[in-house]
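# Analysis of the macromolecular model
If you want the building blocks of each chain, they are given just below.
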Amino acid sequence: MASAEQTKQGFMLSKTHKAGLLNFLSAQGILVFFLICMFAFSLFSEQFLSQSNIMTVVRQASIIGIIAVGVTVVIIGGNLDLSVGSMLSFATVVVVDLHDKIGPTGAIFAMFALTLLLGAVNGFLVGFMRLNSLIVTLAMLSAIQGLVLIYSGGQNVDIANQSETWFGVFGRGYLLGIAVPVLLFALLAIIVQVVMSFTGYGRRIFAIGGNPVAAVYSGIRKNWCVFSTYLISAFCVACAALVLGSRVMGSQNNVGQGYELLVLAGIILGGTSLLGGAGSIWKTVIGVLILGFIQNGLLLLGYPYYTQWLVTWVIIILAVWLDLANKRKRLLTRHS
Amino acid sequence: MNNAATAHASGAPGRGEIPILSLVNITKKFPGVVALNKVSFDVRAGEVHALLGENGAGKSTLMKVLAGKHKPNGGQILLEGEEKVFETPKQAKKSGIVLIHQEQSLVPEMSVAENIFLGSLPKKWGNRVDWKTLHRDSTEILDRLKCSFSSKDMVSDLSIAKKQMVEIARALVFTPKVVVFDEPTASLTDHEKPVLYDIINTLREQGVGIVYISHRMDEIFHLSQRISVLRDGEYNGTVNTADTSEDEVTKLMIGRSLELDHASKPKDFGENMLELRNLTVNGVFEDVSFTIRKGEIVGMYGLVGAGRSEVAETIFGLRKPSGGEILLDGKVESIRSSHDAVVEGIALVPEDRKDQGLILGMNCRDNMTLAGLNTVSSKGFMKAAAEKRVYDKYQQAMKIKTPSWRQKVGNLSGGNQQKIVIGKWLHTHPKLLILDEPTRGIDVGSKAEIHALIKELARTGYAVLVISSEMPEVLGVSNRIVAMYDGRVTAEFDGDAVSEDVLVQAITGQVVASADAPVDRPVA
């Protein structure tokens, strides 16, 4: 035993030494990169680090952030949710459309109920039918977009009398000097982080993502747990739709298009592994903010809107590569 | 050991035939264990030499040494009288020693020919595959094996037996001198087996030396010319198949005097805790009936694939029974999920610690409390102090060696990992504890500790089911032993009184499943 232990340690030592740079980059690379970008942006644009700009960025990032909080739970449980983009379109269109028909309170309740129903469909297909989550939610992405178009008949919707409703508070309001979307984002992040870290439920989700077979062999109801993660994800989407609908007071049919990728980008940038069983909401919050600041910085530097897409994805591929490099290294040390 | 001596005399040398392969005094040590102690073994050209032994006797290790996967600490390998040292499996293969594994390594979406020559496809001008030569050479090999399928067939369309033939055909590319079959019939149905036997006989007639590892007596007596037996890492004699009987071979396999500590076994039994009545899962096992009383340890003994783990999984709610009943505490229960099982007070320490027992990326404490989260939380919130208490209790009770509770279980040794899995279940205070191969791949010290723990648990009132393919383990801990073979309970024995040869007969298909007066079985 002793000799095996020694060689193992020897191997790990040499490995750490060689992989020192990689180690550092995989652990801190994104943060370092972020700081360099922030510094560069602030050199070229005085506004960048101004309080009002920072508040604007955080407020803009909060919609993606709210959704990302829910999707992070799904990912920790070892699955994916790509349907959130269409689901956001759906929920926003529904809440805006119903606002004038049944009033804000009814609209909000109806929107939450319908969105949770969509989440339940995802959860049923992945949790109980045990279908591949990538395929299921990709199909749902397309199906829900179709549902939106059928519902709205292709028309964009808006709220007729925008000054006479309290509905605007979710997107436009301020509480104690802080924008309501930001408060909502922070509140959801804190609650979900607490649930994941300090409850039996959170522990079970981590266990399922870490090793679904062993989780089942430990008496955990995997089907229900996976199902529930999609409900959480849908709930977060509904909250985001509340903010988005209230802010714009109207909605296009495809308002959420592309959000699924931005959400995923934020999560990956934060460093939550797509393999499941690890990660945290804090990481996601940081990832989403990084994404927001980089996009904002590019705009301030005068690059056109669409450069964001290119840059975002270069960064994401970098992040995934670092994540994988980190994984491989860990696998190597484990099998040594 | 009179038996072994005479057996040896009638075996190996003396017939004037020169062996194609000789292993001389092979010794292989692993940290803390001598896996092979001066084992000698030889194969003649044109013979099937069966290698027998219990699990852990050293058969696989010996074959791995032969195939260049393990380096021996001592001894020689002589191939056609010439000493060979194999640094890698590839060298062994090139010298003409081929292992046919149980697990198949074929590419299903390729043709038979491509699979046979995978990695060494014949090429022509421009680095293109020379299909003509490929199929000609493949067909030639398939003809030698008298195969009924074409080299152009897709591997995915073939039956398991035929896939195995492709595997064998692949071996023939290297013109083997010795072919080792490791439990080749494990995944074959009864009518597929003769096809394999034909191939083995064909190879034998062509002058190849065959080593045949199997537990099944009928196969060994049908195929082999000689039988060698390993026991506890030592060579225990060779006999000519024609001159021996199943009884004699069985005695060679087990003929040790086990130092069994029957006195330490639990003695006070209560009511029936578990009762199975004709439990059946179609195609997996049939009509399994037995009982376990409170405070009693029942051993389930059988070969891998006999359906033992599947019975455990069914009790634990992971498989749906297609017939029969499970009674807990005298009441018929329907257990539909592992969650139901845990609620009913059933615990399963699974066969595969790493895949089924543990979340390797989680720390020791979190793994330990995973099956009983409700007991260390209130209103859904984890109570860190209570969790730590639970962890400390079992860590100390079982002497789990780990630097801290924060250590990821993936970094622990096998023995310590297993103790974490057991601790995880003790913490749920189950009524019935099922342990599937509780000491597989675990060092001797931890093994003894786990055996002592199992007996201690039974004494405190647990009903315990120990599934094992190691006879010393089953005999050492069980009050009663249920023997399984091919998905059926073949016999039930008193754990203190049963003889080893009877037990071996019951799990190798020498006893036909019947209802003739098994010990202690309640009348249904």
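Residues numbered from 1 in each chain as written. Chains lettered and ligands numbered in written order. Predicted model: local features only at pLDDT ≥ 70, side-chain atom pairs only at ≥ 80, totals over all residues.

Identification of chain B as Ribose transport system ATP-binding protein from Halomonas fontilapidosi is taken from an unreviewed UniProt entry. The UniProt entry for chain B carries the following text under Subcellular location (unreviewed entry): "Cell membrane". (UniProt positions renumbered as here; feature names shortened; annotations may be inferred.)

As recorded in an unreviewed UniProt entry, chain A goes by the name Ribose transport system permease protein, listed as coming from Halomonas fontilapidosi. Word for word, the UniProt comment on chain A under Sequence similarities (unreviewed entry) is "Belongs to the binding-protein-dependent transport system permease family. AraH/RbsC subfamily." Database annotation for chain A, UniProt heading Subcellular location (unreviewed entry): "Cell inner membrane".

Our focus in this paragraph is the overall build of chain B. Counting its regular elements, chain B contains 18 helices and 24 strands. Out of the 524 residues belonging to chain B, those deemed buried represent 48%. Here the contacts in chain B between residues at least 6 apart in sequence split such that 69% fall between residues at least 24 apart. (Helix = DSSP H or I, 4+ residues; strand = E, 2+ residues; numbered from the N terminus. Buried ≥ 20, exposed ≤ 12 C-beta atoms within 10 Å, placed from the backbone. Contact = placed C-beta atoms within 7 Å.)

The secondary structure content of chain A amounts to 13 helices and 4 strands. Burial analysis of chain A (336 residues in total) assigns 48% to the buried set. For chain A, the proportion of contacts with a sequence separation of at least 24, taken over those separated by at least 6, is 79%.

Counting from both sides, the interface comprises 28 residues of chain B and, opposite them, 22 residues of chain A. Counting residues per element, the ones that place at least two in the side of chain B that touches chain A are α11 (338–343), α12 (353–357) and β20 (381–382) of chain B. Take the side of chain B that touches chain A: its biggest share by element is 4 residues, from α11 of chain B. Its residues assigned to classes, the side of chain B that touches chain A shows 14 nonpolar, 11 polar and 3 charged. (Nonpolar A, V, L, I, M, F, W, Y, C, P; charged D, E, K, R; others polar.)

Quick look at the sheet that holds strand β18 (residues 346–349) of chain B now. All names here are of chain B. The 6 strands are arranged β18-β21-β22-β15-β23-β24 in an open sheet whose pairing can be described as mixed. In the strand order of this sheet, the two ends are held by β18 and β24 (488–494), each with one partner. Put simply, the sheet's adjacent strands are angled 20° from each other on average, direction ignored. Bridge count between strand β15 (residues 297–302) and strand β23 (residues 480–485): 5 bridges; the pairing is parallel. Within β23, the position partnered with M300 by the bridge is V482. In this fold helix α10 (residues 308–315) packs onto β15, β18, β21 (432–436), β22 (463–468) and β23, with an angle of close to 150° to the strand it touches most, β21. (Pairing = 2+ DSSP bridges. Axes fitted to C-alpha atoms, helices over the stretch in contact; angles between N-to-C directions.)

What follows deals with the sheet that holds strand β14 (residues 285–293) of chain B. Residues and elements named next belong to chain B. Sheet architecture is open: 4 strands sit in the order β14-β13-β16-β17, paired in antiparallel fashion. Both outer strands of the open sheet, β14 and β17 (331–332), are each paired with one neighbouring strand and no more. Where α10 meets the sheet, it contacts β13 (272–281), β14 and β16 (323–328), and its direction lies at approximately 115° from that of β13.

This part takes up the environment of V213 of chain A. Counting through the fold element by element, V213 of chain A comes out in helix α9 (residues 212–217). A residue is classified by how many C-beta atoms lie within 10 Å of it, and V213 of chain A, with 17 of them, is partly exposed.

With that settled, the discussion passes to the pairing of β15 of chain B. Residue and element names in this part refer to chain B. Counted residue by residue, β15 has 6 buried out of 6 residues, so it is predominantly covered. Of the two faces of β15, both are covered, the one formed by I297, G299 and Y301 as well as the one formed by V298, M300 and G302. Pairing of β15 with β22, which is carried by 5 bridges, proceeds in the parallel orientation. What sits directly across from V298, in β22, is L465.

Let us now look at helix α7 (residues 193–205) of chain B. Residue and element names in this part refer to chain B. If you check α7, its first and last C-alpha atoms are 18 Å apart, about what 13 residues at 1.5 Å a residue would give, namely 18 Å. Within α7, burial applies to L196, I199, I200 and L203. Viewed along the axis of α7, the buried residues span an arc of 95°, placing them on a single side of the element. Every exposed residue of α7 that faces more than 90 degrees away from the buried side is listed here: P194 and E205. Those residues of α7 hidden inside the fold are in contact with β3 (48–52), α6 (160–172), β9 (178–182), β10 (209–213) and α8 (217–223). Phi turns positive, to about 90°, at G207, one or two residues after α7. (Expected span 1.5 Å × (residues − 1). Arc of directions from axis to C-beta.)

Take the environment of G207 of chain B next. All names here are of chain B. Tracing the sequence through the fold places G207 in the loop between α7 and β10. Placed 136 residues apart in sequence, G207 and K71 show a C-alpha to C-alpha distance of 28 Å. Excluding residues that lie within four positions of it along the chain, G207 makes contacts with A45 and G46.

Residue and element names in this part refer to chain A. The terminal C-alpha atoms of helix α4 (residues 84–128), which comprises 45 residues, lie only 20 Å apart, well short of the 66 Å expected from a rise of 1.5 Å per residue. A maximum bend of about 130° is found in α4 at I102, where proline P104 lies one to four positions downstream. Count one or two residues on from α4 and you reach R130, which has phi positive near 55°. (Bend = angle between axes of the 7 residues up to and from the residue.)

It is worth spelling out the UniProt feature "transmembrane region" (unreviewed entry) in chain A at this point. Residue and element names in this part refer to chain A. Sites flagged by UniProt as "transmembrane region" (unreviewed entry) map to residues 21–43, 63–96, 108–128, 134–153, 174–196, 227–249, 261–294 and 306–324. Here residues 63–96 runs as 79% helix and 0% strand, with 16 Å between its end C-alpha atoms. Helix makes up 96% of residues 227–249 and strand 0%, whereas the separation of the span's terminal C-alpha atoms amounts to 32 Å.

This next bit is on the nonpolar core. Core analysis: the largest hydrophobic core is formed by 243 residues, its most contacted members being I66, I67, L88, V237 and A240 of chain A together with I434 and A483 of chain B. With sequence-adjacent residues up to four places away left out, I66 of chain A is seen in contact with L184, F185, L188, C236, C239, A240 and V243 of chain A. (Core = buried A, V, L, I, M, F, W, Y, C linked by C-beta atoms within 7 Å.)

Further remarks concern the confidence of the model for chain A. Looking at chain A as a whole, the pLDDT averages 87, with 87% of positions reaching at least 70. Note that pLDDT drops below 50 for residues 1–18 of chain A; the model gives that stretch 11 contacts with residues more than four away or on any other chain. (pLDDT = per-residue confidence, 0-100.)

A word on the pairing of β16 of chain B. Two faces make up the sheet, and in a regular strand the side chains alternate between them. All names here are of chain B. Pairing analysis gives 5 bridges linking β13 to β16, with the strands arranged antiparallel. Of the residues in β16, the one forming a bridge with R277 is E325. Where β16 folds back on β17, the antiparallel hairpin that results is connected by 2 residues, among which D329 adopts a positive phi of roughly 55°.

What follows deals with the environment of L118 of chain A. Residue and element names in this part refer to chain A. Mapping L118 onto the fold places it in helix α4. According to the C-beta neighbour criterion, L118 is buried, with 24 such atoms within 10 Å. Distance from L118 to S83, taken between C-alpha atoms, is 9.4 Å for residues 35 residues apart in sequence.

Next up on the list: the packing of helix α3 (residues 51–76) of chain A against helix α11 (residues 259–270) of chain A. Helix packing for two helices is described by the angle between their axes and how far apart those axes are. Residues and elements named next belong to chain A. At a minimum axis separation of 9 Å, α3 and α11 run at an interaxial angle of 70°. Accordingly, the angle class assigned to the pair α3 and α11 is roughly perpendicular. Considering only the axes of α3 and α11, their crossing is right-handed. Of the residues in α11, those touching α3 at I64, I67, A68, V71, T72 and I75 are Y259, L262, V263, G266 and I267. Here the residues of the contact of α3 with α11 sort into 9 nonpolar, 2 polar and no charged. (Parallel < 35°, antiparallel > 145°, perpendicular 65-115°, else oblique. Left-handed = near helix turned anticlockwise from the far one by under 90°.)

Residue and element names in this part refer to chain A. Helix α7 (residues 180–198) packs onto α3 with a crossing angle of 20° between their chain directions and a minimal axis gap of 8 Å. Taken as axis vectors, α3 and α7 run roughly parallel relative to one another. Considering the relative orientation of α3 and α7, their crossing is left-handed. Contact with α3, carried on its side by V58, R59, S62, I63, G65, I66, V69, V73 and I76, involves P181, V182, L184, F185, L188, A189, V192 and M196 of α7 and no other residues of that element.

On to the confidence of the model for chain B, then. All names here are of chain B. Model confidence for chain B is summarised by a mean pLDDT of 85, while 90% of its residues fall at 70 or above. The low-confidence segment residues 1–16, where pLDDT is below 50, has 23 contacts with residues more than four positions distant or belonging to other chains. Scored below 50 in pLDDT, residues 513–524 makes 14 contacts in the model with residues more than four places away or belonging to other chains. Overall fold confidence (pTM) sits at 0.76, and the ipTM for the predicted complex is 0.83.

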